[in-house]
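Spelled out from the first residue to the last, the chains are:
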Amino acid sequence: MLVLVAPGQGAQTPGFLTEWLDLPGAADRVAGWSDAIGLDLAHYGTKADADAIRDTAVAQPLLVAAGLLSASALGELSDVRPGAVAGHSVGEITAAAFAGVLDDTAALSLVRKRGLAMADAAAITETGMAALLGGDPDTTVAHLEKLGLTPANINGAGQIVAAGTKEQLAALEADKPEGVRRVVMLQVAGAFHTHHMGPAVDTLAKAAEALTPGDPKVTYVSNKDGRAVATGDEVLQRLVGQVANPVRWDLCMETFKELGVTALLEVCPGGTLTGLAKRALPGVKTLALKTPADLDAARELIAEHAA
């Protein structure tokens with residue numbers, strides 16, 4: 001069984017969309033999306049520097065556009081035939097489009113509003129995030145809570161991302177949880193998936209009211225608790241609430257195991273989720289779409305593992 005996954009914020013790099021725009025029809029498609037959301041996706045995906053694409057309001061729609069574009073290069077969803085789809089954080093919106101819950105334009109309009117709202121929320125208080133590598137998850141979570149930090153991403157494979165104020169993160173650097181090898185400060189604009197994002201939830205809820213979601217056409221696995229969600233209304237409700245709640249990618253991977261996944265394909269800009277899967281899902285074949293040069297290998301993986 002094949003699971004199709006989409007990465008979250010931080011996966012983008014300068015120029016990563018350049019080669020994808022050379023594919024037939026890709027530039028026109030991206031231009032249409034850009035007009036629809038009022039953001040020049042082609043510019044940010046090809047010419048903008050790392051600081052420009054680190055901006056939450058830019059990074060989030062850029063990542064969703066890249067995921068949709070790279071997946072479409074594989075063929076229609078009926079051709080790819082994944083057994084399940086999922087995304088990490090903002091990648092959940094990409095996955096919702098894969099599942100038919102939202103069309104491409106609706107997904108990009110929603111993520112544009114999400115990115116702007118989260119950027120505004122992040123500007124209220126100086127906050128950030130840090131990745132913790134190694135250690136026992138229960139011990140780490142208890143230590144973070146003692147410091148007032150939130151385990152914003154529990155990613156499995158020995159990785160937890162903490163989020164909170166700059167002062168709380170400084171205290172974490174000075175006092176690591178037992179067993180944690182490294183604390184790596186992340187280049188993000190705020191404490192995503194924490195109570196600091198509360199104002200963004202309200203904004204996103206209003207935006208979601210204008211959408212008419214469809215029910216998932218394939219199994220959609222949610223970051224909230226790793227459960228498969230059966231209705232479009234619930235998917236949309238979870239997308240809104242997830243902005244201020246921890247990402248449980250560890251539970252998503254547990255669900256992949258239960259579903260009997262044999263291969264995991266990560267859309268552009270792939271690499272992060274395949275890296276986690278290699279450690280947490282032994283025996284599962286993985287492939288990350290980074291450039292169009294990966295498409296042939298991806299098609300072979302699909303032919304071997306899709307339904």
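Treat the numbers as computed from the prediction; the structure is a model and nothing was measured.

K.L.:
For empty space enclosed by the protein, give the residues involved together with the corresponding values.
P.N.:
A water-sized probe, rolled over the atoms, reveals where empty space remains. This structure, assessed with the given rule, holds 1 cavity of 30 Å³ or more. Estimates place the volume of the largest cavity at around 50 Å³. Lining of the largest cavity is provided by Ser89, Val90, Glu92, Ile93, Arg114, Leu204, Leu239 and Gln242. Partitioning the lining of the largest cavity into residue classes produces 4 nonpolar, 2 polar and 2 charged.

K.L.:
An account of the side chain of Asn223 is requested, with residue identities and associated values reported.
P.N.:
Relative to the helices and strands, Asn223 is located in the loop between strand E7 (219-221) and strand E8 (228-229). For Asn223, the side chain forms a polar contact with the main-chain nitrogen of Ser89, separated by 2.8 Å. Once you skip the residues sitting within four places of it in the chain, Asn223 turns out to touch Gly87, His88, Ser89, Glu92, Gln242, Pro246, Val247, Arg248, Trp249 and Cys252.

K.L.:
Tell me about helix H8 (residues 137-146), and please be specific about residues and values.
P.N.:
Buried residues of H8: Thr140, Val141, His143 and Leu144, and no others. The arc that holds the buried residues of H8, viewed along the axis, is 165°, so those residues lie on one side. Facing away from the buried side of H8 by over 90 degrees, the exposed positions are Asp138, Glu145 and Lys146. Those residues of H8 that are buried lie in contact with strand E3 (127-134), strand E4 (150-156), strand E5 (159-165), helix H9 (166-174) and strand E6 (180-185). One side-chain oxygen at the N-terminal end of H8 lies 3.2 Å from the backbone nitrogen of Asp138; it belongs to Asp136. Phi turns positive, to about 85°, at Gly148, one or two residues after H8.

K.L.:
Explain helix H4 (residues 56-72) to me, using residue names and the numbers behind them.
P.N.:
With 17 residues, H4 ought to run about 24 Å at 1.5 Å a step, and its terminal C-alpha atoms sit 24 Å apart, in line with that. The element H4 is largely enclosed, with a buried count of 16 among its 17 residues. You can read the cap of H4 off the contacts: a side-chain oxygen lies 3.0 Å from the backbone nitrogen of Ala57, and it is on Asp55.

K.L.:
Account for the packing of helix H7 (residues 104-122) against helix H10 (residues 198-208), naming residues and giving values.
P.N.:
Viewed as axis vectors pointing N to C, H7 and H10 meet at an angle of 160°, and their least axial separation amounts to 8 Å. One way to sum up the angle between H7 and H10 is to call them roughly antiparallel. The two elements H7 and H10 meet at a crossing, and its hand is right-handed. Touching Leu110, Lys113, Arg114, Ala117, Met118 and Ala121 of H7 are Pro199, Ala200, Thr203, Leu204 and Ala207, all from H10. Classifying every residue of the contact of H7 with H10 by side-chain character gives 8 nonpolar, 1 polar and 2 charged.

K.L.:
Residues and numbers for the domain arrangement of the protein, please.
P.N.:
Taken domain by domain, the protein consists of domain 1 (2-122 + 194-304) and domain 2 (126-186). For the domain 1 and domain 2 pair, buried surface summed over both sides reaches about 1000 Å², with 58% attributable to carbon and sulfur atoms. The largest contributions to the domain 1 side of the interface with domain 2 come from Thr194, His196 and Leu276, which together make up 36% of the buried area. Taken together, domain 1 and domain 2 are joined by 0 salt bridges.

K.L.:
So, the environment of Val161: which residues are in play, and what are the values?
P.N.:
Along the chain, Val161 falls in strand E5. Residues Val161 and Trp33 lie 128 residues apart in sequence; the distance between their C-alpha atoms is 32 Å. Those residues in contact with Val161 that sit more than four places away from it in its chain are Met129, Ala130, Ala131, Thr150, Pro151, Ala152, Asn153, Asn155 and Leu186.

K.L.:
Could you give me a rundown of the environment of Asp104, with the residues and numbers involved?
P.N.:
Examined against the element boundaries, Asp104 turns out to sit in helix H7. Separated by 87 residues in sequence, Asp104 and Leu17 place their C-alpha atoms 17 Å apart. Every residue in contact with Asp104, bar those within four places of it in the chain, is listed here: Arg29, Trp33, Leu68 and Ala97. Within the local environment of Asp104, its side chain forms a polar contact with the side chain of Arg29, the two groups lying 2.6 Å apart.

K.L.:
Give a description of the packing of aromatic side chains that names residues and reports values.
P.N.:
Tallied over the full model, the rule gives 1 aromatic pair. Aromatic pair Trp249 and Phe256: ring centres 5.8 Å apart, planes at 80°, arrangement edge-to-face. The same class applies to Trp249 as to Phe256, namely buried.

K.L.:
Account for the pattern of salt bridges, with residues named and values stated.
P.N.:
Between side chains of opposite charge, pairing is possible as soon as their charged atoms come close. Tallied over the full model, the rule gives 9 salt bridges. For Arg227, the salt bridge goes to Asp225, with nearest N and O atoms at 3.8 Å. A relative accessible area of 47% places Arg227 in the partly exposed class. For Asp225, a relative accessible area of 24% corresponds to the partly exposed category. With its nearest N and O atoms 3.4 Å apart, the salt bridge here joins Glu254 to Lys257. Separated by 3 residues within a single helix, Glu254 and Lys257 lie in helix H12 (residues 249-259), roughly one turn from each other. Judged by relative accessible area, which is 38%, Glu254 ranks as partly exposed. What emerges from the salt-bridge pattern is a single network uniting Asp225, Arg227, Glu234 and Arg238.

Conventions and cut-offs
Residues numbered from 1 in each chain as written. Predicted model: local features only at pLDDT ≥ 70, side-chain atom pairs only at ≥ 80, totals over all residues. Heavy atoms only, no water. 1 Å grid on protein atoms, 1.4 Å probe; cavity = no way out; pocket = protein on both sides within 12 Å on 5 of 7 lines; lining within 4 Å. Points joined across faces, edges and corners; volume = space filled by probe spheres on them. Nonpolar A, V, L, I, M, F, W, Y, C, P; charged D, E, K, R; others polar. Helix = DSSP H or I, 4+ residues; strand = E, 2+ residues; numbered from the N terminus. Polar contact = N/O pair within 3.5 Å; in protein donor to acceptor, adjacent residues only side chain to side chain. Contact = heavy atoms within 4.5 Å. Buried < 20%, exposed > 50% of the residue type's maximum accessible area, 1.4 Å probe, protein only. Arc of directions from axis to C-beta. Expected span 1.5 Å × (residues − 1). Axes fitted to C-alpha atoms, helices over the stretch in contact; angles between N-to-C directions. Parallel < 35°, antiparallel > 145°, perpendicular 65-115°, else oblique. Left-handed = near helix turned anticlockwise from the far one by under 90°. Domains from an automatic or database assignment. Buried area = accessible area lost by both parts, 1.4 Å probe. Salt bridge = Lys/Arg side-chain N within 4 Å of Asp/Glu carboxyl O. Phe/Tyr/Trp six-rings, centres within 6.5 Å; stacked < 30°, edge-to-face > 60°.

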